[in-house]
Amino acid sequence: MRTNDLILQTVTKVILFIILLFSIHLFFAGHYYPGGGFIGGLMTAGALVLLLLAFDMKTVANILPVNYRIMTAIGLLFSIGTGAGSLLFNVPFLTHAFTDVYLPLLGKTSLHTAVLFDIGVYLVVIGVTMTIIQTIGEDE
Amino acid sequence: MSLLHLAIVSPLLLAVIIPIFSKSIRQIHTGWFVLPLPVVLFSYFLSFISTTSHQGTVYESFEWIPSLGINFAAKIDGLGLLFALLISGIGSLVVLYSIYYLEKDKEQLGSFYVYLLMFMGAMFGVVLSDNLIVMYGFWELTSISSFLLIGYWYHREKSRYGAQKSMLITVFGGLAMLGGIILLYIMTGSFSISEIITQSDRVLEHTLLIPALICFLLGAFTKSAQFPFHIWLPDAMEAPTPVSAYLHSATMVKAGIYLVARMSPVFAESPVWLWLVGGFGIVTLFWGSFSAVKQTDLKSILAFSTVSQLGLIMSLLGVGAAALHYDGIDDNVFTVATTAAVFHLINHATFKGSLFMVVGIVDHETGTRDIRKLGGLMHLMPITFTLAIIGAFSMAGLPPFNGFLSKEMFFTGMVKILQMDLFSLSTWGLLFPVLAWIASVFTFIYSMKLVFRTFTGKYKPEGLKKKPHEAPLGMLISPVVLGSLVIIFGLFPNILSHNLISPAMASILPSLLSPGDMFDVHIYFWHGPTPELFMTIGVVILGILLYLTLPKWERAYHLLPEKLTLNKVYDKGLESIQTGSFKLTRFYMNGYIRTYLVYIFAFFILILGYTLYKKDAFVIDTAHVSSIGFYELVLSVLIVVSTITILFAKSRLTSIILLGAVGYTVALFFVVFRAPDLALTQLVIETVSVALFLLCFYHLPKLKKEESKIPFKLTNALISIGVGAIVTAIALSANSTKLFESISQFYVDNTYIRAAGKNMVNVILVDFRGFDTLFEICVLAIAALGIFAMIKLRLTRGKEG
């Protein structure tokens, strides 16, 4: 039986980008407003899951040929690397630093090493969620 | 982070980029990129000699986890420096040798050098850390890199077996050592070795002394392959020969010796220490040399010989501890054992290193290490033969090589035991010199066997896979360097005594020195007609006689039945552990998730209910409860209604959606209570898990009304009600009791000031409690890999289980 999922597919095409943008916003807003790597990552994973539901596994794997296990590993490296990086500056493991800089276009921006750590969390959350869903979904 | 720290971790840093070299620049052997590092490090460490030879130390520290007293403290003293020089020096030679030993087209050089560098860095960490926890981390890293190197040719079954065996035994010892470290922390409140040494009086009187001491010795004995843990070392010989030369004779196996030497200032005054270290050492010495004689594989001979030589050094360290019970160093004759231990440590690295390289050459050029197939190679490989003579004669303790000097001192140390009048040494002490002498005879026999069975006798070209010829020049450089050192140290031993031996002794026996003092070490060739000299002459004469009659009495080795060997015990033990745990698991794991849930929940109810009851913790206090609003009421009703509906749902789809509804309503609760982060998280999690359910949907069996029995239903009902009741009780009690001041005020005060963030939840996640988050994402990643492995790899499961 062929299911008719035209509406779902059309809506997904539009809404996917909105969710993705929102998830990135959530990620960057994390230090000041609700959000952060964990929620942002979950939201991105949610968008990808929507894609999986609207289209099938194979199509999605063709559009986004990402190995999520490697993504998880990269995320872990980011987080551990941020922690270990502080050792180079003679401070304990996982000490964060922040500073305010003036960037073109963006104006005064506050930069944190915590964001680097959070990128790791973000990637791990996406990687883990998608690995689990993909392996279970693909299983025949 | 100082230069010293950088030097310690530099091999690890290089290990990260070496794969790039090995992949992109294929025409040059990767070893050439590795070689400069140990050479540079060797010269760097040499520059510290002037400091340590005047009893100075270099101490650099930076804080790692200061709240737990764990700092990466690096300390260079005589003992640490001696080992650092051995590691970098022998390391350079081994890397050079490996360039010619491993062919660049056939082997995976990238992984080889990554493992080797990992090991080198870990070893520097072990010998130069002053913090026990840091040292323990590096210690386990040496076990892991050794595991990887032994299993380097992983397609061979024996390699995998040897790798697993070494891993199991050394990591077991490592864990025991961790226990010892924690016990020491309990006694002294410090992880710093230098600080613990200053409190050694307190340690010696503490009731935990013996357990801590035994834990440490377990670590040392497993690492240094002492009887009965020595069985892993012969199997480790499956590693490529440069690895055997480096890890399994010159450095890693000496980590146990290092540990004993390093902890001597803490424990050595205890008689238990003297007896255990000395006793195990001397038994290992005897057993190793006795077993070496019957081996037919060249590397096995060297493996057992390494076991026995490690035992020798260990026994000397044990006996040397007796010196602590006699005051003053001027007339303290008992320090000679410690001198001999340090001296023999250096000598063993030189002659055994060169012998391993010689055996590697023979293996490389003939294709076999079986002594029964070899013979008559003298004329074909004259340089290798010369090197073998130097190494083996030094090992046998013949003049003018360095082995003779340390062997003589070893005898001196053992004979001196007879003059000691403590710990009933005067009665049982006689065993030490006797066993030492017998072991030396066996050492002599296998040394001769090693050289003469390989290089003299009948040349048998038909049994060899290759046509033998002399090794290429590059392969000979390293053993020639070591061989020359054997002779140089033999003829001029005193270049070592002031620069290396005396500072190292000062680290082992610090309490014998008054400030500014140092051990005056002089090594002589000729002592006059002492008992030691006659012992050596006896060894040579009896050794030659027994070597010539070896074929006649060799059969004696088969008297011990195969079943009783330690290897069999290990194999049987491993097997029964596996079958035993399999049976145990089968007993309670029946494959139904609902059974496991029953276990988990039942335990949950019991343990929490018991605690609530026992601690009298159940309190309901409505004083701080605010009134219930309209929204909360609606949401609660929604949750209750949807939960109850699940029970009566006919189709699975309905129950999934209802469960989702419960989750979303909880999210709404968070919105009402103004917790946007939680609400968002709950929303997305709920969405993803509903989607996951839908994905799995096809795999699940049809939901059918099962005609289940009443007791079954009753248990389930009881458990679900129990869980609900307990959770409610805990929530109410937690809200009603205030045992201590809430820490939330700290976060309110500091979130903006210290972390410059306004979202407290996120700042806690990434900054204040960053460690938790780090481990959480590690757990997540492991879980994902676990699910991946379970589903993707389950086809292969049927074969093994």
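Residues numbered from 1 in each chain as written. Chains lettered and ligands numbered in written order. Predicted model: local features only at pLDDT ≥ 70, side-chain atom pairs only at ≥ 80, totals over all residues. Heavy atoms only, no water.

All right, on to the overall build of chain A then. Summing up its helical and strand segments, chain A has five helices and two strands in all. In chain A, the order of α-helices and β-strands from amino to carboxyl end is α-α-α-α-β-β-α. Counting only residues that meet the buried cut, chain A has 46% of its 140 residues in that class. Sequence separation of at least 24 residues holds for 62% of the intrachain contacts in chain A that already meet a minimum separation of 6. Total accessible area on chain A stands at roughly 7,600 Å², and carbon and sulfur atoms take up 72% of it. Separation of charge centres in chain A, based on 5 positive and 7 negative side chains, amounts to 7 Å. (Helix = DSSP H or I, 4+ residues; strand = E, 2+ residues; numbered from the N terminus. Buried < 20%, exposed > 50% of the residue type's maximum accessible area, 1.4 Å probe, protein only. Contact = heavy atoms within 4.5 Å. Areas by Shrake-Rupley, 256 points an atom, 1.4 Å probe, with all protein chains shown as cover. Lys, Arg positive; Asp, Glu negative; His and termini not counted. Charge placed at Lys NZ, Arg CZ, Asp CG, Glu CD.)

Turning our attention to the environment of B:P234. All names here are of chain B. Note that P234 resides in helix α12 (residues 232-235). Taking the C-alpha atoms as reference points, P234 and T306, 72 residues apart in sequence, are found 9.4 Å from one another. With near-sequence residues (within four places) excluded, P234 lies in contact with A303 and F304.

Attention now moves to the packing of aromatic side chains. Residue and element names in this part refer to chain B. Counted by the stated rule, this structure contains 39 aromatic pairs over all chains. On the numbers, 6.0 Å between centres and 50 degrees between planes, the contact of W275 with F432 is tilted. One end of the pair, W275, is in helix α15 (residues 271-294); the other, F432, is in helix α21 (residues 431-455), and 157 residues separate them in sequence. For W275, a relative accessible area of 29% puts it in the partly exposed group. Taking the relative accessible area as the measure of exposure, F432 reaches 3% and is therefore buried. On the numbers, 6.3 Å between centres and 65 degrees between planes, the contact of Y588 with Y599 is edge-to-face. One end of the pair, Y588, is in helix α26 (residues 566-588); the other, Y599, is in helix α27 (residues 593-614), with 11 residues separating them in the sequence. Clustering of aromatic rings is evident, with ring pairs tying together F227, F286, W287, F290 and F442. (Phe/Tyr/Trp six-rings, centres within 6.5 Å; stacked < 30°, edge-to-face > 60°.)

All names here are of chain B. Its place among the elements puts T412 in helix α19 (residues 402-416). Residue classification places T412 among the buried residues on the basis of a relative accessible area of 10%. Here the side chain of T412 touches E408 through a polar contact of 2.8 Å, landing on its backbone oxygen. If we ignore the near neighbours within four places in the chain, the residues touching T412 are V336 and E532. (Polar contact = N/O pair within 3.5 Å; in protein donor to acceptor, adjacent residues only side chain to side chain.)

All names here are of chain B. A cluster of nonpolar residues, L584, F587, Y588, M589, I593, L597, Y599, I600 and F601, forms a patch on the protein surface that exposes about 930 Å² of accessible area. Contributing elements (two or more residues each) for the nonpolar patch: α26 and α27. In terms of residue count, the dominant contributor to the nonpolar patch is α27 (five residues). By the element assignment, F587 lies in helix α26. A relative accessible area of 72% means that F587 is categorised as exposed. (Patch = residues over 30% accessible without salt bridge, like charges linked within 9 Å, V, L, I, M, F, W, Y side chains within 5 Å. Salt bridge = Lys/Arg side-chain N within 4 Å of Asp/Glu carboxyl O.)

All names here are of chain B. Among the nonpolar cores identified, the biggest contains 261 residues, and F45, L184, F267 and W273 are the most heavily contacted of them. Sorting elements by how many residues they give to this core places helix α17 (residues 336-366) first, with 17 residues. When neighbours within four sequence positions are excluded, F45 is seen to be in contact with L4, I76, L81, A84, L85, S88, F124 and L128. (Core = buried A, V, L, I, M, F, W, Y, C linked by side-chain atoms within 4.5 Å.)

The next point concerns the interface of chain A and chain B. Across the boundary between the two partners, chain A contributes 47 residues, which contact 44 residues of chain B. Taken together, both faces of the contact between chain A and chain B bury some 4,200 Å²; the carbon and sulfur share is 76%. Summed over the shared surface of chain A and chain B, the number is zero salt bridges. Here chain A and chain B share three residue pairs in polar contact (both at pLDDT 80 or more) between them. (Buried area = accessible area lost by both parts, 1.4 Å probe.)

Here we come to the domain arrangement of chain B. When its domains are assigned, chain B resolves into domain 1 (273-548), domain 2 (590-739) and domain 3 (742-801). Here the C-alpha centre of domain 3 of chain B lies 53 Å away from the C-alpha centre of domain 1 of chain B. (Domains from an automatic or database assignment.)

So, about helix α33 (residues 760-768) of chain B. Where α33(B) is concerned, the buried positions are B:N762, B:V763 and B:V766. For α33(B), the angular spread of the buried residues around the axis is 95 degrees, confining them to a single face. The inward-facing, buried residues of α33(B) abut α2 (37-54) and α5 (113-138) of chain A together with α32 (744-755) and α34 (770-792) of chain B. The opening residue of α33(B), the one whose side-chain oxygen lies 3.2 Å from the backbone nitrogen of B:V761, is B:N759. (Arc of directions from axis to C-beta.)

Next up on the list: the packing of α17(B) against helix α18 (residues 382-396) of chain B. Residue and element names in this part refer to chain B. Contact pair α17 / α18: the axes reach a minimum separation of 9 Å and the direction vectors enclose 145 degrees. Considering only the axes of α17 and α18, their crossing is left-handed. Across the interface between the two elements, F351, K352, S354, L355, V358 and I361 from α17 touch T384, L387, A388, G391, A392, S394 and M395 from α18. Looking at the contact of α17 with α18 residue by residue, the classes come out as eight nonpolar, four polar and one charged. (Axes fitted to C-alpha atoms, helices over the stretch in contact; angles between N-to-C directions. Left-handed = near helix turned anticlockwise from the far one by under 90°. Nonpolar A, V, L, I, M, F, W, Y, C, P; charged D, E, K, R; others polar.)

This part is about the pattern of salt bridges. All names here are of chain B. Applying the stated criterion across every chain yields a total of six salt bridges over all chains. Close ionic contact of D235 with K165 constitutes a salt bridge, the shortest N to O distance being 2.6 Å. On the criterion of sequence distance, the pair formed by D235 in helix α12 and K165 in helix α8 (residues 157-188) is long-range, its members being 70 residues apart. The partner of D772 in a salt bridge is R769, and the shortest N-O contact between them spans 3.0 Å. The class for R769 is partly exposed, based on a relative accessible area of 41%. Overlapping salt bridges bring together D297, D363 and R369 as one network.

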